[in-house]
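Structure assessment
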Amino acid sequence: MSVGGPGPVPFGEALRFWLKLGFISFGGPAGQIAVMHRELVEQRRWISERRFLHALNYCMLLPGPEAQQLATYIGWLLHRTWGGIAAGALFVLPSLLLLIGLSWAYLVFGHVGWVAGVLYGIKPAVAAIVVQAVWRIGGKVLRSPRQAPWLWAMAIGSFVAIAVLHLPFPLVVLSALALGWLGGRLAPAQFLAGSGHASVKAARAPAAPALIDDHTPTPAHARFSRGRLLRVLLWGGVLWTLPMAALLAWQGAQGVLPTMGLFFTQAALLTFGGAYAVLPYVYQGAVAQYGWLSGPQMIDGLALGETTPGPLIMVVAFVGFLGGWHTEVLGPEARFAGAALAATVVTWFTFLPSFIFILAGGPLVESTHGQVHFTAPLTGITAAVVGVIASLGVFFLMHIARPVPGGPVDVAALAIAVLAALALVRFKLGVIPVIAACGALGVLLKTAGWAA
């Protein structure tokens, strides 16, 4: 610890902060990272600017929700393994509880007039948010076609693969990984992408020293150790295997819950580029393959995820809840309990890999950060993610424009989507105000009879 810096942080104080963060972490990863930066770097001085950004860059190299992983990383740096587990779990728990309640309300009251109006308005807003994600991620990674033609080709190719050829999402990711590896050797300058989050980078670091300052030695528990790596991987394997074995013993290999556990474990390993990148994969499995929910319900779930704190990938809890509800995993007399259990199972298997990545691979990946032969494949995946998210936007817009296949075009819904996109991309308004305004507009249009 630097001389004159804050004293050691009691574990109880850290727990209170991580719980508070779980309730105020709105605004997607950029907003969540900005909140952590303000609280941890500028106000509390638990960690310095440089060390915070170093941790952020590392988390952005991994699949999974980077804001939740950043909280896990800093908690681990401060209070060892249990600190990381507490920080990451409390980042997710409030969102899980809120989404269980909202999912139940959606199923029970979703057809009530004003509720239907709110959902009518926020569905186009969700499509606009996806458009904003394409704009934001594409701007960070692709640069101009003349500067990075390789990355542009990968983005366009991934769009065609998903939207036109309907290829499996894992195949697209693996292809992008291979092409990124090759491109890093043939055209390395095109793959030297930054980490983004310019608003965080531009922040001015306070002069006061931090508990974990720029030159504070790496704690012993955060240094790479082969023995520690094996122990963490062993425990991670146990924490995955025991619940899966229990579900298999209870329901069998074709049961809903073990199928959800396996499917969302695979999804967790493919979330390079954030939640929007994995949503097409979740749609392919949860909607098209298993029928746990419908396409319009998937859009509604994303809308609910946008309005609650926590990682956007928590939309998987909504998917799990609806899947558990519709399949009656605990019987028709316990639909809520079964649905809540399914949402919890899905959340467990989705987030467990993120904890393993941080606790086991943190020191190892950190030591290789910045080397182009390591980062180029991940930059390639991020470029492909731009095309994948664009395909998701097209899918959402098609459902919004023509909610009934073969029916008339819903001009009012498209107009809301255009207004929301302008508000987000052109005028830089926040996600929550835009969703709230669109929901109110939806109620107004439904009440006036101007909406389908």
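Check the entry above for the structure.
Note that the structure is a prediction, hence the values are computed from the model and not measured.

What counts, and at which threshold
Residues numbered from 1 in each chain as written. Predicted model: local features only at pLDDT ≥ 70, side-chain atom pairs only at ≥ 80, totals over all residues. Heavy atoms only, no water. Helix = DSSP H or I, 4+ residues; strand = E, 2+ residues; numbered from the N terminus. Buried < 20%, exposed > 50% of the residue type's maximum accessible area, 1.4 Å probe, protein only. 1 Å grid on protein atoms, 1.4 Å probe; cavity = no way out; pocket = protein on both sides within 12 Å on 5 of 7 lines; lining within 4 Å. Points joined across faces, edges and corners; volume = space filled by probe spheres on them. Nonpolar A, V, L, I, M, F, W, Y, C, P; charged D, E, K, R; others polar. Salt bridge = Lys/Arg side-chain N within 4 Å of Asp/Glu carboxyl O. Axes fitted to C-alpha atoms, helices over the stretch in contact; angles between N-to-C directions. Parallel < 35°, antiparallel > 145°, perpendicular 65-115°, else oblique. Left-handed = near helix turned anticlockwise from the far one by under 90°. Contact = heavy atoms within 4.5 Å. Core = buried A, V, L, I, M, F, W, Y, C linked by side-chain atoms within 4.5 Å. Expected span 1.5 Å × (residues − 1). Patch = residues over 30% accessible without salt bridge, like charges linked within 9 Å, V, L, I, M, F, W, Y side chains within 5 Å. Areas by Shrake-Rupley, 256 points an atom, 1.4 Å probe, with all protein chains shown as cover. Phe/Tyr/Trp six-rings, centres within 6.5 Å; stacked < 30°, edge-to-face > 60°.

1. Some words on the overall build of the protein
A count of helical and extended segments in the protein gives 17 helices and zero strands. For the protein, buried positions account for 53% of its 452 residues.

2. Some points on the layout of surface pockets
Taken as a whole, the second largest pocket holds about 650 Å³ of empty space. Every element with two or more residues in the lining of the second largest pocket is listed here: helix H4 (66-109), helix H9 (226-251) and helix H14 (335-368). Residue composition of the lining of the second largest pocket, grouped by class: 15 nonpolar, five polar and two charged.

3. Section: the pattern of salt bridges
Counted according to the given criterion, the structure contains four salt bridges. One salt bridge in this structure joins Glu39 and Lys20, with 3.1 Å as the shortest N-O distance. Highlighted residues: Glu39 in helix H2 (residues 28-43) and Lys20 in helix H1 (residues 11-24), separated in sequence by 19 residues. Lys123 is the salt-bridge partner of Asp300, the closest N and O atoms lying 3.5 Å from each other. Of this pair, Asp300 sits in helix H12 (residues 295-306) while Lys123 sits in helix H5 (residues 113-141), and the two are 177 residues apart along the sequence. By relative accessible area, Lys123 is classed as partly exposed at 23%. In this structure, a network of salt bridges that share partners links the residues Lys20, Glu39 and Arg44.

4. Details of the packing of helix H6 (residues 149-164) against helix H7 (residues 169-186)
Packing of H6 against H7 leaves a shortest axis separation of 11 Å and a crossing angle of 165°. Considering their axes alone, H6 and H7 lie roughly antiparallel with respect to each other. In the packing of H6 onto H7, the handedness of the crossing is right-handed. Here H6 contributes Trp150, Met154, Ser158, Ala161 and Ile162 to the contact with H7, which in turn contributes Phe169, Val172, Ala176, Leu179, Gly180, Leu182, Gly183 and Leu186. Looking at the contact of H6 with H7 residue by residue, the class counts come to ten nonpolar, three polar and no charged.

5. Examining the nonpolar core
If you look at the biggest cluster of nonpolar residues, it comprises 98 residues, and the most contacted ones within it are Phe264, Trp292, Leu293, Val319 and Phe396. If sequence neighbours within four positions are ignored, Val319 has contacts with Phe264, Val282, Ala286, Trp292, Leu293 and Met298. Formed by 38 residues, the second largest nonpolar core is a distinct cluster that contains Ala14, Leu62, Leu70 and Ile74.

6. Considerations on H9
With 26 residues, H9 extends 37 Å between its outermost C-alpha atoms, agreeing within 8% with the 38 Å of an ideal straight helix rising 1.5 Å per residue. Every buried residue belonging to H9 is among Arg228, Leu229, Val232, Gly236, Met244 and Leu247, and all of these are buried. Looking one or two places after H9, you find Gly252, whose phi comes out positive at around 85°.

7. Observations regarding the environment of Leu248
For Leu248, the position within the fold is in helix H9. Judged by relative accessible area, which is 38%, Leu248 ranks as partly exposed. C-alpha separation for the pair Leu248 and Thr259, spaced eleven residues apart in sequence, amounts to 9.1 Å. Excluding its chain neighbours within four sequence positions, the residues that come into contact with Leu248 are Ala253 and Pro258.

8. Things to note about a nonpolar patch on the surface
Together, Ile156, Val160, Val164, Leu165, Leu167 and Leu171 give the surface a local cluster of nonpolar side chains, amounting to about 500 Å² of exposed area. It is H6 that contributes the most residues to the nonpolar patch, three residues altogether. Along the polypeptide, Leu167 turns up in the loop between H6 and H7. Its relative accessible area of 30% is what places Leu167 among the partly exposed residues.

9. Some remarks on the packing of aromatic side chains
Counted by the stated rule, this structure contains 14 aromatic pairs. Each ring, one from Tyr106 and one from Phe318, has its centre 5.4 Å from the other, and the planes form 65°; the classification is edge-to-face. In this pair, Tyr106 sits in helix H4 while Phe318 sits in helix H13 (residues 315-327), placing the two residues 212 residues apart along the sequence. Like Phe318, Tyr106 is buried. Centroid distance Phe263 to Trp292: 5.9 Å. Interplanar angle 80°. Geometry classified as edge-to-face. Of this pair, Phe263 sits in helix H10 (residues 256-268) while Trp292 sits in the loop between helix H11 (275-289) and H12, and the two are 29 residues apart along the sequence.

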